[in-house]
Amino acid sequence: MGVRVVKHLPLRFAAIAMLLVTVVLGFNGWLTMVSMEKNYIDSVAANYAVAGGETKRNIEYAVRYGKPLENFYGMKELLVKNRSFAKEVDDIRVADAAGKVLYSLQAETVGTMISGKVKAQANFSRDTRDKNYVVVPVDGQYQIVMPLQNREGQLLGYLIMAFDKTVVARGIGQFTHLTFEIMLGFAMGSALVLLLLLWFVPMRDGNGNLRQKRFLAIFITVLALAQIGFAYINNNNFKGIYLDVVKNNIVITADIVSYDINSILQRGVSYSSLWDLSDWLKKVSHSVPEIGGIYITDHQEQVLYQADSSPGNSPELAVNHRYERTLLTDGEGVGGRLTIALSEAYVDQQVQQLLLDIITVAFVSFFFMVEIMVFMLLVLQVKAKTAAGENSDEASRVAVIRPLAFLFFLATDLSISFIPMQMKMLYQPIAGLSQNTVLALPISVEMLGAGLMTIVTGRIIDQRGWRLPFFTGLALVGAGAVLSGLAATGSVFIMARAIVGIGYGFAWMAMRGYVALLPSSAERAKGFSGLSAGIYAGNICACSLGAMLAARLNYSGVFFVAVAVIAVVALFALSFTRGSMALQPKQEAKAVPVSRGKWAGFFGDRAVGALILLVTIPSAMCLTGFLNYFFPLYSSSQGLSMANVGRAFMIYGVSIVYLGPVFSRYIDNQSRFTRIIPLASGIGILAMFVFFIKGGITAALVAIFLFGVADSIGFVAQNTFLLKLPATQRLGPGTALGLFSMTKKLGQMLGPMMIAWGVGFGATQEGIGAIGLLYLGAITVFLVLAVWSRKRGEAFDNI
């Protein structure tokens, strides 16, 4: 049935369209501005760190030869010299290992303690291999923190260079204003085009109903063209302004290099006697990634010394891609010139990364837009029914569940791609467990909490309805997310994820209960379909958006974004589920409590036991362990960016969304589920073996795709198989599915622990392969039982 068009349709949808386009383009613009800000900070910090590195080496050299840090004569002069190269630095401080400031250009800070946040991140930075500093935002400043170490590599203290955040704001101000103007122009232009199309293109059929496909096609086309145009113009502006920023910041490094070389030449040393100069230039070049090469040439343009970071760079680069500085003439009459060439490859990489993010946002916005428009079309349908004097209660109740699920899973899955990474940052030994096992605990306790609540929530829904557990779940998820963001130790973070898991279980089961309490079977079917669509759309959007936010903000910041989305979920539920207050369990319809004996009989059934122990739990263990626990840690060790980790998670979600319906239509027509279930498990086993044989990021991505295919088949096949078992009919389908979901959560809880055990012996690929063999053994036993059952003429295989 089409949606009968209500009055003022074009104006209403144009207003909604303008809001959506503004949100999507605004998010794109925000991503671009945050990328520019991050790159600007990185560029400034890298160049300031060159000056700081010289000071750091001077301090460490003196201390290693007996000069005490607490009584360091000449420290003030070192700090003043450092400041002369980094003119926008407000203060330079030296603190001891305990965090007490010993020396500072600002006398009032001497004797104070540095921030605990600075200490924590500076200690962590010592484990990095690419740079020996970290940038920490503290109290309106960015602080470049470099650890000072003795001869044995032990921490002596910290060198801290602080500059005001307004430095960054001034540096990117032009780009910020330009981006905002372009975004606003595209948003208003898109809204105007949509208004004209909705006004002049026929949107009604002969019966006065809205042509939904035509409307969606127009909306998607306009939104897509707006994003493409915005991305193209904004990316070009980003590259041009970013190049200007890099060239301005390179001046700092040029000043340092030319000063040091000139100071040596003034002592009578000739260019031909500058031993180890190339090695020093390489260290400087490596510390500033925007530098493609540093060259020292004589007056005849002959290269005397050089350091190449990017193949193909040379002093003959175009003028706009290099910076030059004339050096002194030595005692032999040889004049010199310093040339610093920018790394076009690095700049292009930053631009391409931004473009990839914008493409990802465009893809995600498609799902977002579809969810919003589907909901609005359903609202129109409800209004049309109300205007016609028809009962619209059931339609309005069904319309709510899909966007509600979408928003809820958008909030809960924002952090799914980096939970192990956050735990790694907070790692502390716990109860003698291995590090791999400790890193697996946050995911495991979260799954355990969710699994336990699947039992508790069902009883609450039967007695009190769905709203109490739903809003209780939202409150717990929000509290757990806040605690996750504030956690300073691994133990607190584990507790926070347990709270999130409990809240997740409450809310998830409450949404299922909401659908189950709908009055008619037709509406329940529509409700469960909408619930499933909302879940996967929310998951796909959350995986990529959460990872991109983590790459630009930090892990903790994403948890607070999740809290904001949870607040939106609560407001949405309060606003659009008022009519569902009547969705309370009727006293006469309450289910008779199931005895423990029936539970035991259900789990003791041979077919049920084989399905759960040999298929469901192993498949859940392998998927969750590999995707949620192993992949983020492994990809980080291989240098994959956080944003690309999120995109990898999307592979699984997209596989489920697009392959699941295809396979489900085929599976519904099959009767031999004991063949289909092993096929799905076999694909999951193949995923493990692909990584075992090949290894590397590509193999891991192929494995994730195969897991998506396996779950697309296995989810439908396992549930259908279970529902057709005699033991399920005796217990009751609803109760059986609840218990079955609980066992799947058990597998998800054990998965990270199993993978941690498998890779805990130092052989990553072999560990994954060993777990794959265990999975293969389990499914082999399942097949043996199926064959044995068929030979005995039992119902195991005749379902």
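Each chain carries its own residue numbering, running from 1 in the direction its sequence is written. With pLDDT at 70 or above as the cut-off, local features in this predicted model cover only qualifying residues; side-chain atom pairs require 80 or more to be listed or tallied, and sums for whole chains, interfaces and linings still use all residues. Note: side-chain values were computed over all heavy atoms of the structure, leaving out hydrogens and water.

**Some remarks on the overall build of the protein**
In plain terms, the rule: We count a stretch as a helix when DSSP gives it H or I for four or more residues in a row; a strand needs E for two or more, and each element gets its number in order from the N terminus. Remark: exposure states derive from per-residue accessible area (1.4 Å probe, protein chains only) relative to the maximum for the residue type, with buried under 20%, exposed over 50%, and partly exposed in between. Whether two residues are in contact is decided by their heavy atoms, any of which lying within 4.5 Å being enough. Areas reported as accessible are Shrake-Rupley estimates using a 1.4 Å probe. Residue values count occlusion only from the protein chains shown.
Scanning the protein from terminus to terminus reveals 22 helices and 11 strands. Within the protein, the proportion of its 799 residues that are buried is 53%. In the protein, 75% of the contacts between residues at least 6 apart in sequence involve partners at least 24 apart. Summed over its atoms, the accessible surface of the protein is roughly 34,600 Å², and 61% of this surface lies on carbon and sulfur atoms.

**What to know about the side chain of glutamate 290**
The line we're drawing: Distance and chemistry together define a polar contact, namely a pair of N or O atoms within 3.5 Å, with one atom able to donate a hydrogen and the other to accept it when in protein, and with adjacent residues in sequence counting only for side-chain atoms on both sides.
Of note, glutamate 290 is situated in the loop between α6 (277–287) and β8 (291–298). Here the side chain of glutamate 290 touches serine 43 through a polar contact of 3.3 Å, side chain to side chain. Other than its neighbours up to four places away in sequence, glutamate 290 contacts Asn39, Ser43, Tyr242, Val246, Ala341, Leu342, Ser343 and Tyr346.

**What to know about the sheet that holds strand β6 (residues 155–164)**
Formally: Between any two strands, pairing holds if DSSP finds at least two bridges. Every angle, taken between N-to-C directions, lies between 0 and 180 degrees, and every axis is a line fitted to C-alpha atoms, over only the stretch in contact when it is a helix.
Strand order in the open sheet made by the 5 strands is β3-β2-β6-β5-β4, with antiparallel pairing throughout. Each edge of the open sheet carries a strand with a single partner, namely β3 (101–104) and β4 (134–138). Here the average twist between neighbouring strands, direction ignored, is 25°. As paired elements, strand β2 (residues 91–96) and β3 share 3 bridges and run antiparallel to each other. From the neighbouring strand, alanine 95 faces β3, where its bridge partner is valine 101.

**Description of the pattern of salt bridges**
Note the cut-off: For this document, the term salt bridge refers to a Lys or Arg side-chain nitrogen within 4 Å of an Asp or Glu carboxyl oxygen.
Tallied over the entire structure, the rule returns 9 salt bridges. Residue aspartate 42 pairs with lysine 38 through a salt bridge whose shortest N-O separation is 3.2 Å. Placement of the pair is aspartate 42 and lysine 38 together in helix α1 (residues 9–64), with a separation of 4 residues, close to one helical turn. Given the relative accessible area of 24%, aspartate 42 is considered partly exposed. With a shortest N-O distance of 3.2 Å, arginine 497 and glutamate 446 are connected by a salt bridge. In this pair, arginine 497 is assigned in helix α12 (residues 490–516) and glutamate 446 in helix α10 (residues 435–464), connecting sequence segments 51 residues apart.

**Some points on the confidence of the model for the protein**
Our working rule: Each residue carries a pLDDT value, the predictor's own confidence for that position, ranging from 0 to 100.
Averaged over all residues, the pLDDT of the protein equals 79, while 84% of them reach at least 70. When mean pLDDT is taken per element in the protein, helix α11 (residues 467–486) scores highest with 93 and strand β1 (residues 3–4) scores lowest with 45. When the criterion is pLDDT under 50, residues 1–7 qualifies, and its contacts beyond four places in sequence or with other chains add up to 24 contacts. Taken together, the stretch residues 311–319 has pLDDT below 50 and engages in 16 contacts with residues farther than four places along the chain or on a different chain.

**As for the packing of aromatic side chains**
Going by this rule: Whether two aromatic rings pair depends on their centres lying within 6.5 Å, for rings of Phe, Tyr and Trp, where Trp uses its six-membered ring; planes under 30 degrees apart make the pair stacked, over 60 edge-to-face, and the rest tilted. For a ring to carry a charge above it, either NZ of a lysine or CZ of an arginine must fall within 6 Å of the ring centroid while also lying within 35 degrees of the normal to the ring plane.
For the coordinates displayed, the defined rule picks out 23 aromatic pairs. Summarising the aromatic geometry, the rings of tyrosine 48 and phenylalanine 163 are spaced 5.7 Å apart at their centres and angled 85° between planes, so their arrangement reads as edge-to-face. Of the two residues, tyrosine 48 is situated in helix α1 and phenylalanine 163 in strand β6; the sequence distance between them amounts to 115 residues. As far as burial versus exposure is concerned, tyrosine 48 and phenylalanine 163 are alike and both buried. Ring geometry for phenylalanine 626 versus phenylalanine 630: centroids 5.4 Å apart, planes at 40°, classification tilted. Within this pair, phenylalanine 626 and its partner phenylalanine 630 are both found in helix α16 (residues 606–637), separated by 4 residues, close to a single helical turn. Accessibility assignment for this pair places phenylalanine 626 and phenylalanine 630 in one class, buried. Counting every residue linked through ring pairs, the aromatic cluster contains Phe626, Phe630, Tyr634, Phe691 and Phe707. Its guanidinium or amino end placed over the ring of phenylalanine 72, lysine 67 lies 4.3 Å from that ring's centre, counting from NZ or CZ. The ring of tyrosine 142 carries the charged tip of lysine 165 above its face, separated from the ring centre by 5.4 Å.

**Section: the state of the cysteines**
Formally: The disulfide definition used here is simple: a pair of cysteine sulfur atoms within 2.5 Å.
Under the definition given, this model contains 0 disulfides. Not engaged in a disulfide, the cysteine cysteine 541 finds its nearest cysteine sulfur in cysteine 543; these two sulfurs lie 9.4 Å apart. Taking the relative accessible area as the measure of exposure, cysteine 541 reaches 2% and is therefore buried.

**So, α16**
What counts is decided by this rule: To estimate the expected span of a helix, subtract one from its residue number and multiply by 1.5 Å. Bend is computed residue by residue as the angle between axes fitted to the seven residues ending at the residue and the seven residues starting at it.
Taking 1.5 Å per residue as the helical rise, α16 with its 32 residues ought to reach 46 Å, and the 43 Å between its terminal C-alpha atoms agrees with that figure. Phenylalanine 630 marks the point of greatest bend in α16, at about 50°, and the proline proline 632 comes within the next four residues. With a side-chain oxygen lying 3.1 Å from the backbone nitrogen of alanine 607, the N-terminal cap of α16 falls on aspartate 605. Following α16 by one or two positions, glycine 639 adopts a phi angle in the positive range, close to 85°.

**Regarding the packing of helix α5 (residues 212–265) against α6**
For any two helices packed against each other, the geometry comes down to the angle between their axes and how far apart the axes lie. Basically, it comes down to this: Angles below 35 degrees are treated as roughly parallel, those above 145 as roughly antiparallel, those between 65 and 115 as roughly perpendicular, and all remaining angles as oblique. Should the near helix be turned anticlockwise from the far one by less than a right angle, the crossing is termed left-handed; should it be turned clockwise, right-handed. When residues are sorted by character, Ala, Val, Leu, Ile, Met, Phe, Trp, Tyr, Cys and Pro go into the nonpolar class, Asp, Glu, Lys and Arg into the charged class, and all the rest, Gly among them, into the polar class.
Running from N to C, α5 and α6 cross one another at 160°; their axes reach a closest spacing of 12 Å. What the angle tells us is that α5 and α6 run roughly antiparallel. Here α5 and α6 pass one another in a crossing that is right-handed. Taken together, the residues of α6 that come into contact with α5 (itself represented by Thr253, Val257, Asp260 and Ile261) are Leu277, Trp280, Leu281 and Val284. For the contact of α5 with α6, the residue count by class is 6 nonpolar, 1 polar and 1 charged.

**A few points about the sheet that holds strand β11 (residues 336–342)**
Strand order in the open sheet made by the 4 strands is β9-β8-β11-β10, with antiparallel pairing throughout. Unpaired on one side and paired on the other, β9 (303–308) and β10 (322–327) mark the two borders of the sheet. Averaged over neighbouring strand pairs, the angle between their axes works out to 10° when direction is ignored. Pairing geometry for β8 and β9, over 5 bridges, is antiparallel. Across the sheet, residue tyrosine 295 finds its bridge partner in β9, namely glutamine 306. Along the sheet, α6 contacts β8 and β9; its crossing angle with β9, the most-contacted strand, is approximately 35°.

**So, the nonpolar core**
Under the convention used in this document: In this description, a nonpolar core means a group of buried Ala, Val, Leu, Ile, Met, Phe, Trp, Tyr and Cys residues linked to one another through side-chain atoms lying within 4.5 Å.
Within the largest apolar cluster, 133 residues are counted, with the highest numbers of intra-cluster contacts made by Leu404, Phe408, Phe470, Met511, Phe626, Tyr629 and Phe630. If one sorts the elements of this core by residue count, α16 sits on top with 18 residues. Residue contacts for leucine 404: discarding those within four places in its chain leaves Phe470, Met511, Val569, Phe572 and Ala573. Counting residues in each nonpolar core, the second largest holds 73 residues, with Ala86, Ala231, Ile256 and Tyr346 among its members.

**Examining α11**
Between its terminal C-alpha atoms α11 stretches 29 Å, which fits the 28 Å expected from 20 residues at 1.5 Å a residue. Turning to α11, its buried residues are Arg467, Pro469, Phe470, Gly473, Leu474, Val477, Gly478, Gly480, Ala481, Ser484 and Gly485.

**Describing the side chain of glutamine 141**
With respect to the helices, strands and loops of the structure, glutamine 141 is situated in strand β5 (residues 141–149). One polar contact links glutamine 141 to glutamine 143, side chain to side chain, over a distance of 3.4 Å. Not counting residues within four places of it along the chain, the set of residues in contact with glutamine 141 comprises Asp90, Arg93, Val136, Ala162, Phe163, Asp164 and Lys165.

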